[in-house]
Protein chains: 2
Amino acid sequence: MTEQYLEDLAVAQVYRSGRVRVEKDQIIAFAAQFDPQPYHLDEQAARKSVFGELVASGWHTAALTMRLIADGGVRPAGGVLGVGFDDLSWPHPVRPGDELYAESEVIEVRPSRSRPDRGLIRVRTTTFNQNGKAVQIFTGNLLVPRRPADPGL
Amino acid sequence: MTEQYLEDLAVAQVYRSGRVRVEKDQIIAFAAQFDPQPYHLDEQAARKSVFGELVASGWHTAALTMRLIADGGVRPAGGVLGVGFDDLSWPHPVRPGDELYAESEVIEVRPSRSRPDRGLIRVRTTTFNQNGKAVQIFTGNLLVPRRPADPGL
């Protein structure tokens, strides 16, 4: 895949990722390590929770989305360098067996005022499940290098 | 630890977590699974990157922060139910050997208008390294149940 410089990116470009299937044992393993709450760890306990069933940690969804982006979303030269997010929400839970994919839309492109070799882009990434329901939405700010001058010119 | 209902939470309360040490092999394992970029995966390649050294994925820092909170931060009855974030930033990278802890400050408490059994709190959580540098800051919105009426009254 070609790496992108700031000059290659424009508002309204959309990048769609591949898909990843989320297995129950992965949900439980992630939760055991990072988010040990009953509705992420145990089907029995999850039934009695506000979710009514086992669901993935939102941070697991976030990490899986990063993987989808790294494998096939927007690909700035030098890496996907997130400096932060303006918002992040989980409108719908992720369940065992769900298949996720992400769509990233470029919503702003601007050169840095202080650093002529780089710029910032804002990207809204929505993660969908197999039924087209949004399970995560975030707007991220990424550092992107500008294309180096061609030394032959 | 006592679970908290909306009535137990007040603006300016601060919850400090325990500590977690971030090992190099954990940084690489997380990156291999979720954020396979050179500066998270490989020390040699990281030296040539914008970071100049191996650093943790921001999503790894986020997941570790969730673990710190789950183990000893704010603890609403029914679980730490994040519905989303207003912002999230990584002002400083996390390096192998860093020791992290989190401080969460309650910045808003409000009952739900539509659901009398619950409310929302806004919490600003800052994750610090062993030198007191902020490595992650986010403002999250959590669902918190109200204390059930005492049936004996």
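Residues numbered from 1 in each chain as written. Chains lettered and ligands numbered in written order. Predicted model: local features only at pLDDT ≥ 70, side-chain atom pairs only at ≥ 80, totals over all residues. Heavy atoms only, no water.

Draft legend 1. Broad picture of the sheet that holds strand β5 (residues 134-145) of chain A. Taken in spatial order, the 10 strands make up an open sheet running β1(A)-β3(A)-β4(A)-β5(A)-β2(A)-β2(B)-β5(B)-β4(B)-β3(B)-β1(B), and their pairing is antiparallel. Single-partner strands in this sheet number two, and they are β1 (14-21) of chain A together with β1 (14-21) of chain B. On average, adjacent strands in this sheet sit at an angle of 25° to one another, irrespective of strand direction. Examined bridge by bridge, β1 of chain A and strand β3 (residues 99-111) of chain A share six bridges and lie antiparallel to one another. Within β3 of chain A, the position partnered with Arg-16 of chain A by the bridge is Glu-103 of chain A. (Pairing = 2+ DSSP bridges. Helix = DSSP H or I, 4+ residues; strand = E, 2+ residues; numbered from the N terminus. Axes fitted to C-alpha atoms, helices over the stretch in contact; angles between N-to-C directions.)

Draft legend 2. Examining the relation of the copies chain B and chain A more closely. For the pair chain B and chain A, the relating rotation is 180°, the translation along its axis is 0.0 Å, and the fit reaches an RMSD of 0.0 Å. Read as a symmetry element, the transformation amounts to a two-fold axis. In terms of proximity to the rotation axis, the leading residue of chain B is Asp-87 of chain B, whose C-alpha is 2.5 Å off the axis. Taken as a fraction of all interface residues of chain B, those also at the interface in chain A reach 100%, which identifies the copy contact as same-surface. (Least-squares fit on C-alpha atoms with pLDDT ≥ 70 in both. Contact = heavy atoms within 4.5 Å.)

Draft legend 3. Molecular detail of the interface of chain B and chain A. Listed per partner, the contact involves 33 residues of chain B and 33 residues of chain A. Carbon and sulfur atoms make up 66% of the surface buried where chain B meets chain A, a total of about 2600 Å² over both sides. Counting every contact that joins chain B to chain A gives zero salt bridges. The tally of links from chain B across to chain A stands at eight residue pairs in polar contact (both at pLDDT 80 or more). Those elements that place two or more of their residues in the side of chain B that touches chain A are α1 (24-34), α4 (58-72) and β2 (81-89) of chain B. Taken together, the residues of the side of chain B that touches chain A sort by class into 20 nonpolar, eight polar and five charged. One ladder, built from four bridges, connects strand β2 (residues 81-89) of chain A with β2 of chain B; its direction is antiparallel. (Buried area = accessible area lost by both parts, 1.4 Å probe. Salt bridge = Lys/Arg side-chain N within 4 Å of Asp/Glu carboxyl O. Polar contact = N/O pair within 3.5 Å; in protein donor to acceptor, adjacent residues only side chain to side chain. Nonpolar A, V, L, I, M, F, W, Y, C, P; charged D, E, K, R; others polar.)

Remember, this is a structural readout, not a statement about activity or role.
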